[in-house]
Amino acid sequence: QVQLVESGGGLVQAGGSLRLSCVASGSIFSINSMGWYRQAPGKRRELVAGMTSRGTTNYADSVKGRFTIFRDNAKNTVLLQMNSLKPEDTAVYYCNADLRVSGNYAYTAYWGQGTQVTVSS
């Protein structure tokens, strides 16, 4: 069984910072990409930032220059440093990992349970 556990969400004032953390655990053979998505009320889930196992990153235009994704492949961990937060960043943030479970041959997307980020104006 594979689990993605997130931490680090909370309430912050506009202009503040938060760091989200996600650890993948279980019978993991390898992880391809890891990243963060978010979903605000009434909106579709969207990619915030992602990183491949080789370190290639991509960011949503709305967070470029403010958010940075980090990854520790040895610890199956991905972090999201969020600076200069805006009220429009308010959402539930989900960790995502495209990974291969031991004994399987296919890569499958796994999701964390989500962590709330609220930015007050």
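Data block above holds the structure.
These figures come from a predicted structure and were not determined experimentally.

**So, the pattern of salt bridges**
In the structure shown here, the tally under the stated rule is four salt bridges. Between Lys 64 and Asp 61 there is a salt bridge; the shortest N-O distance is 3.1 Å. Of the residues examined, Asp 61 reaches a relative accessible area of 64% and is grouped as exposed. Note that Arg 66 is salt-bridged to Asp 89, the shortest N-O span being 2.8 Å. One end of the pair, Arg 66, is in the loop between strand E6 (57–59) and strand E7 (67–72); the other, Asp 89, is in the loop between strand E8 (77–82) and strand E9 (91–101), and 23 residues separate them in sequence. Residue classification places Arg 66 among the buried residues on the basis of a relative accessible area of 11%. On the accessibility criterion, Asp 89 (1% relative accessible area) is buried. A network of salt bridges, in which partner residues are shared, links Arg 38, Glu 46, Arg 66 and Asp 89.

**So, the packing of aromatic side chains**
Two measures describe an aromatic ring pair: the distance that separates the ring centres and the angle between the ring planes. Applying the stated criterion across every chain, the model contains one aromatic pair. Ring geometry for Tyr 37 versus Trp 111: centroids 5.0 Å apart, planes at 65 degrees, classification edge-to-face. Residue Tyr 37 is located in strand E4 (residues 28–39), and its partner Trp 111 is located in strand E10 (residues 107–111); the two are separated by 74 residues in the primary sequence. Tyr 37 gets classed as partly exposed once you look at its relative accessible area, which sits at 23%. The residue whose ring lies beneath Arg 45 is Tyr 94, and the NZ or CZ to ring-centre distance is 3.7 Å. Positioned over the ring face of Trp 111 is Arg 45, at 4.7 Å from the centre of the ring.

Rules behind the numbers
Residues numbered from 1 in each chain as written. Predicted model: local features only at pLDDT ≥ 70, side-chain atom pairs only at ≥ 80, totals over all residues. Heavy atoms only, no water. Salt bridge = Lys/Arg side-chain N within 4 Å of Asp/Glu carboxyl O. Buried < 20%, exposed > 50% of the residue type's maximum accessible area, 1.4 Å probe, protein only. Helix = DSSP H or I, 4+ residues; strand = E, 2+ residues; numbered from the N terminus. Phe/Tyr/Trp six-rings, centres within 6.5 Å; stacked < 30°, edge-to-face > 60°. Lys NZ or Arg CZ within 6 Å of the ring centre and 35° of its normal.

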